[in-house]
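Read off the chains here:
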Amino acid sequence: MTGEPILQIKEVTKTFGGIIALNRVSFEVNRGEILGIIGPNGSGKTTIVNCITGFIKATSGHVYFHGKEITGKPPHKIADLGVTRTFQIMRPYYSLPAYKNLVIPLCSPRARRTGGWRGGGRLGDRNTVSIDIMEEIGFERDSYVPYKTTSTLPTGYLKRLELARCLALKPEMIICDEVFSGLSMSEIASMVPLIERLQMDGITLIMIEHRLRELFQVSNRIMVLNFGEKLVEGSAEEVMADPRVKEAYFGSEDIEEVMSHA
Amino acid sequence: MNTAAQQRRKERIDRGIKVRTDGLYALMSWRELAYLIAPRSILIVGLLILPLVMPGRYWPRVISIACIYALVAMSFDFLAHYVGLVSLGGAFFVGIGSYLSAILNTSLGLPPLIAVPVATLAGGAFCTLVLLPCLPLRGVYFAIVTLMYPLFMARLIEALDIVGGTDGIMGIDSFPSAWIEQYGVIVMVLIFLFGLRRLVNTDFGLVLRAVKDNDQAVKASGMNITRYKALAVFIASATGCLAGACLAHIYMWTGISTFALDFSILPIAATVIGGSGTLVGPVLGCLILVPVSELLRDFGTLRIVFYSLILLAFVVFRSDGLMAYGQRKYDQFERWTKI
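What counts and what doesn't
Residues numbered from 1 in each chain as written. Chains lettered and ligands numbered in written order. Predicted model: local features only at pLDDT ≥ 70, side-chain atom pairs only at ≥ 80, totals over all residues. Heavy atoms only, no water. Helix = DSSP H or I, 4+ residues; strand = E, 2+ residues; numbered from the N terminus. Rg over C-alpha atoms; globule rule 2.2 N^0.38 Å. Buried < 20%, exposed > 50% of the residue type's maximum accessible area, 1.4 Å probe, protein only. Contact = heavy atoms within 4.5 Å. Areas by Shrake-Rupley, 256 points an atom, 1.4 Å probe, with all protein chains shown as cover. Lys, Arg positive; Asp, Glu negative; His and termini not counted. Charge placed at Lys NZ, Arg CZ, Asp CG, Glu CD. Pairing = 2+ DSSP bridges. Axes fitted to C-alpha atoms, helices over the stretch in contact; angles between N-to-C directions. 1 Å grid on protein atoms, 1.4 Å probe; cavity = no way out; pocket = protein on both sides within 12 Å on 5 of 7 lines; lining within 4 Å. Points joined across faces, edges and corners; volume = space filled by probe spheres on them. Nonpolar A, V, L, I, M, F, W, Y, C, P; charged D, E, K, R; others polar. Buried area = accessible area lost by both parts, 1.4 Å probe. Salt bridge = Lys/Arg side-chain N within 4 Å of Asp/Glu carboxyl O. Polar contact = N/O pair within 3.5 Å; in protein donor to acceptor, adjacent residues only side chain to side chain. Core = buried A, V, L, I, M, F, W, Y, C linked by side-chain atoms within 4.5 Å. Parallel < 35°, antiparallel > 145°, perpendicular 65-115°, else oblique. Left-handed = near helix turned anticlockwise from the far one by under 90°. Phe/Tyr/Trp six-rings, centres within 6.5 Å; stacked < 30°, edge-to-face > 60°. Lys NZ or Arg CZ within 6 Å of the ring centre and 35° of its normal. Domains from an automatic or database assignment. Patch = residues over 30% accessible without salt bridge, like charges linked within 9 Å, V, L, I, M, F, W, Y side chains within 5 Å. Expected span 1.5 Å × (residues − 1). Bend = angle between axes of the 7 residues up to and from the residue.

## As for the overall build of chain A
Helix and strand counts for chain A come out as 11 helices and 10 strands. Its C-alpha radius of gyration of 18 Å places chain A within 12% of the 18 Å reference for a compact globule of 262 residues. Projecting the C-alpha coordinates of chain A onto the three principal axes gives extents of approximately 55 × 40 × 40 Å. A buried classification covers 55% of the 262 residues belonging to chain A. If you take every contact in chain A between residues at least 6 apart in sequence, the share linking residues at least 24 apart comes to 68%. Put simply, chain A shows about 11,400 Å² of open surface, and 51% of that area lies on carbon and sulfur atoms. Within chain A, one finds 31 positive and 31 negative side-chain charges whose respective centroids are separated by 10 Å.

Quick look at the structure:
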């Protein structure tokens, strides 16, 4: 199911002053797989996302996408290559109607080049295309929800909107920074098939999660970070059996819950 | 009595005609069309006949100056409320525009009707270029830095004694006729007003508003926000430069007073009075503030006191501006309902 590595992270280090947020982290992501990244709070999960997508510059180390170095490129260039991300703290355009949020990525050079879901412009204007994408991601087309001002939408919809913004770019890779956090169990249950469908559409995903059970359900491989260092990498069972992971998560309810289910 | 007052509240409901004219249905009847056209035509016709009804030679000139301020105020409103760049550098745009047009006219001998558009475009490009390093700044930092630019230019001209030094540039040609001088600025205000209003509603304008809302998300959408900000600054600074260029040819003189704080502050005050984020509001605000400031001249130095009181009253009692108030009255009716 998974192919050759398309994203390679080599020895990436990031320091904020004297604090080492990431210490020589290396890993690879293969085409079409879902890689889960877990770790306790402050272990550098979001920092690695920011380093890959260019929102912060790594102190040292290299990131390769399709074999080409993307280290230090500005965020819009990296998104233009097809590596998109969602934000842990949702960043929609609160003052605009929800569907207008997608018109903005549809204006981007990449969306215009890739035809941004049926061209946008020739086969229907960007508004129509954005409603189409919203329907794919779980907004009901005929309801009033897509037309409401974004600031009035609940968290579940905002998380979907984050994913929709990535989809509008026709990405090769989506890096999801905690898309399940803050959602109710039923909302997560309806998100899981969505993630699975993205994978079937050939999109490579990196998922950063605290909801371990749902993550293990969808992901092919798990990587564990702790204090900015990579602890282990492997299947969910392998990772959870590792004593160092148990130690990192010591006392955590999540892990005991998962272990009892495994 | 008091309790009776507490048990009712004012309810605002959209007028039927407002709802009917929201969509294509507006085209179905003359009444609905008139409802849409009336406010716009009042503004257009009003602006066009204003110089004709004004007595003497003094008041039509005041209207011209008000229109020049209106252009600067529109550029402020556009940058602040649609791009999120609060620029206190209105005077910088005005000064650059007026100096450029003056130099083009006196040194190169270009007639005003060519010098003004050239100064508008070249001035816009120049302002964008020098503001380029400040574009990553946001909020109050951008405001402070842009406040520096006009002060910097004024001191530079004064200290180095270039382009006329403290005397300024004299002997600039006026517009070919009084009519062109009077109506040129008014027509420009109308063109820029309706042009900007259209621009902010296009997809390009939507991206600008998104930059204001959340620039990180625009970056994550694969768009170069610096490019969009630079384009917006070009549009705004070109508007300001046009105002400055017209000013130079109306006064037939330019000097470091075009970099004065007035051109930065009065447009902002006008935006507050007129209603920020409406683009029409700043124009109305200037048409009120500039003549009022002329009327108050009789009071001598007390002028500033009255002026401040008017501003204060607006900020406290009508902080959303005249335009928002007018729109509400036009589109909605109010009634008291018992709770």
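## Here we look at the sheet that holds strand β2 (residues 19–30) of chain A
Residues and elements named next belong to chain A. The strand order across the open sheet formed by 4 strands is β2-β1-β4-β5, and the pairing between neighbours is antiparallel. Edge positions in the open sheet fall to β2 and β5 (68–69), since each of these has one partner strand only. In the sheet, strand β4 (residues 60–65) pairs with β5 via 2 bridges, with the strands oriented antiparallel. Within the sheet, the bridge partner assigned to Phe65 lies in β5 and is Lys68. Across the sheet, helix α1 (residues 45–53) touches β1 (5–16), β2 and β4, and the angle it forms with β1 is around 115 degrees.

## Quick word on the layout of surface pockets
Residue and element names in this part refer to chain B. Put simply, the largest pocket is a space of about 1,100 Å³. Lining the largest pocket are 30 residues, with Pro39, Arg40, Arg197, Met323 and Gln327 positioned closest to its centre. Of the residues forming the lining of the largest pocket, the biggest block, 9 residues, is contributed by helix α3 (residues 30–53). Its boundaries defined by the atoms lining it, the second largest pocket holds a volume of some 710 Å³. Lining the second largest pocket are 27 residues, with Tyr69, Asp262, Leu266, Ser293 and Arg297 positioned closest to its centre. Counting residues per element, the ones that place at least two in the lining of the second largest pocket are α4 (58–83), α11 (225–251), β3 (253–254), α12 (262–274), α13 (280–295) and α14 (303–317). Grouping the amino acids of the lining of the second largest pocket by side-chain chemistry returns 17 nonpolar, 5 polar and 5 charged.

## Structural notes on the interface of chain A and chain B
Many descriptions give the size of an interface as the accessible area lost when the pieces come together. The interface is formed by 24 residues belonging to chain A together with 17 residues belonging to chain B. Interface area, chain A with chain B, both sides summed: about 1,700 Å², of which 64% is carbon and sulfur. Looking only at chain A, the three residues that lose the most surface to chain B are A:His76, A:Tyr93 and A:Ile104, adding up to 31% of its buried area. Viewed at the interface, chain B and chain A are joined by 1 salt bridge. Here B:Asp203 makes a salt bridge to A:Arg126, at a shortest N to O gap of 2.6 Å. At the junction of chain A with chain B, the criterion picks out 8 residue pairs in polar contact (both at pLDDT 80 or more). Counting only elements with at least two residues in the side of chain A that touches chain B, the list comes to α2 (75–81), α3 (100–106) and α4 (109–114) of chain A. Taken together, the residues of the side of chain A that touches chain B break down into 14 nonpolar, 3 polar and 7 charged.

## Describing the nonpolar core
Among the nonpolar cores identified, the biggest contains 94 residues, and A:Ile104, B:Phe78, B:Val83, B:Phe92, B:Val189, B:Val218 and B:Phe259 are the most heavily contacted of them. Of the residues forming this core, the biggest block, 16 residues, is contributed by α4(B). The residues contacting B:Phe78, other than those within four sequence positions of it, are B:Val83, B:Leu196, B:Leu199, B:Val200, B:Leu208, B:Ala232, B:Ile235, B:Ala236 and B:Leu279. A:Ile131, A:Val145, A:Leu153 and A:Val218 belong to the second largest nonpolar core, which has 49 residues in total.

## Brief notes about the packing of α12(B) against α14(B)
Residue and element names in this part refer to chain B. For the pair α12 and α14, the least separation of the axes is 9 Å and the interaxial angle reads 40 degrees. Regarding the angle of α12 to α14, the classification is oblique. Judged by the twist between their axes, the crossing of α12 over α14 is left-handed. In contact with Leu266, Ala269, Val272 and Ile273 of α12, α14 contributes Tyr307, Leu311, Phe314 and Val315.

## So, the packing of aromatic side chains
If you walk through the whole model with that rule in mind, you get 12 aromatic pairs over all chains. When the centroid spacing of 5.9 Å and the interplanar angle of 10 degrees are considered together, the rings of B:Trp179 and B:Tyr183 count as stacked. One end of the pair is B:Trp179 and the other is B:Tyr183, both in helix α8 (residues 178–200) and 4 residues apart, which spans about a single turn. Its relative accessible area of 56% is what places B:Trp179 among the exposed residues. Lying over the aromatic face of A:Phe55, A:Arg85 brings its terminal NZ or CZ to 5.0 Å of the ring centre. A cation over a ring is seen here: B:Arg227 above B:Tyr228, with NZ or CZ 5.6 Å from the ring centre.

## Brief notes about the domain arrangement of chain A
Residue and element names in this part refer to chain A. Splitting chain A by domain gives domain 1 (1–82 + 207–262) and domain 2 (85–171). Interface of domain 1 and domain 2: buried area, both sides summed, is about 630 Å²; carbon and sulfur atoms make up 48% of it. Taken as a group, Phe55, Asp80 and Gly82 account for 55% of the area that domain 1 buries against domain 2, more than any other trio of residues on that side. Here domain 1 is connected to domain 2 by 0 salt bridges. At the level of elements, α1 and α2 are the ones that each hand at least two residues to the side of domain 1 that touches domain 2. For the side of domain 1 that touches domain 2, the leading source of residues is α1, giving 4 residues. Considered class by class, the residues forming the side of domain 1 that touches domain 2 number 4 nonpolar, 4 polar and 1 charged.

## Let's talk about the packing of helix α6 (residues 155–167) of chain A against helix α7 (residues 185–200) of chain A
Residues and elements named next belong to chain A. For the pair α6 and α7, the least separation of the axes is 11 Å and the interaxial angle reads 10 degrees. Considered as vectors, α6 and α7 are oriented roughly parallel to each other. Listed contacts from α7 to Gly156, Lys159, Arg160, Leu163 and Leu167 of α6 are Glu187, Ser190, Met191, Leu194, Ile195 and Leu198. Partitioned by chemical class, the residues of the contact of α6 with α7 number 6 nonpolar, 2 polar and 3 charged.

## Looking at a nonpolar patch on the surface
All names here are of chain B. Judged by side-chain polarity, Phe299, Leu302, Val305, Phe306, Leu309, Leu312, Val315, Val316 and Phe317 come together as a nonpolar surface patch covering roughly 880 Å² of accessible area. Relative to the helices and strands, Phe299 resides in the loop between α13 and α14. A relative accessible area of 45% means that Phe299 is categorised as partly exposed.

## Here's the deal with α8(B)
Spacing of three or four residues puts side chains on the same side of an α-helix, whose turn is 3.6 residues. Residue and element names in this part refer to chain B. With 23 residues, α8 extends 34 Å from end C-alpha to end C-alpha; this agrees with the ideal 33 Å at 1.5 Å per step. Of all the bends in α8, the greatest measures close to 25 degrees and is centred on Gly184. Residues of α8 that are buried make contact with α3, α4, α9 (203–213), α11 and α13.

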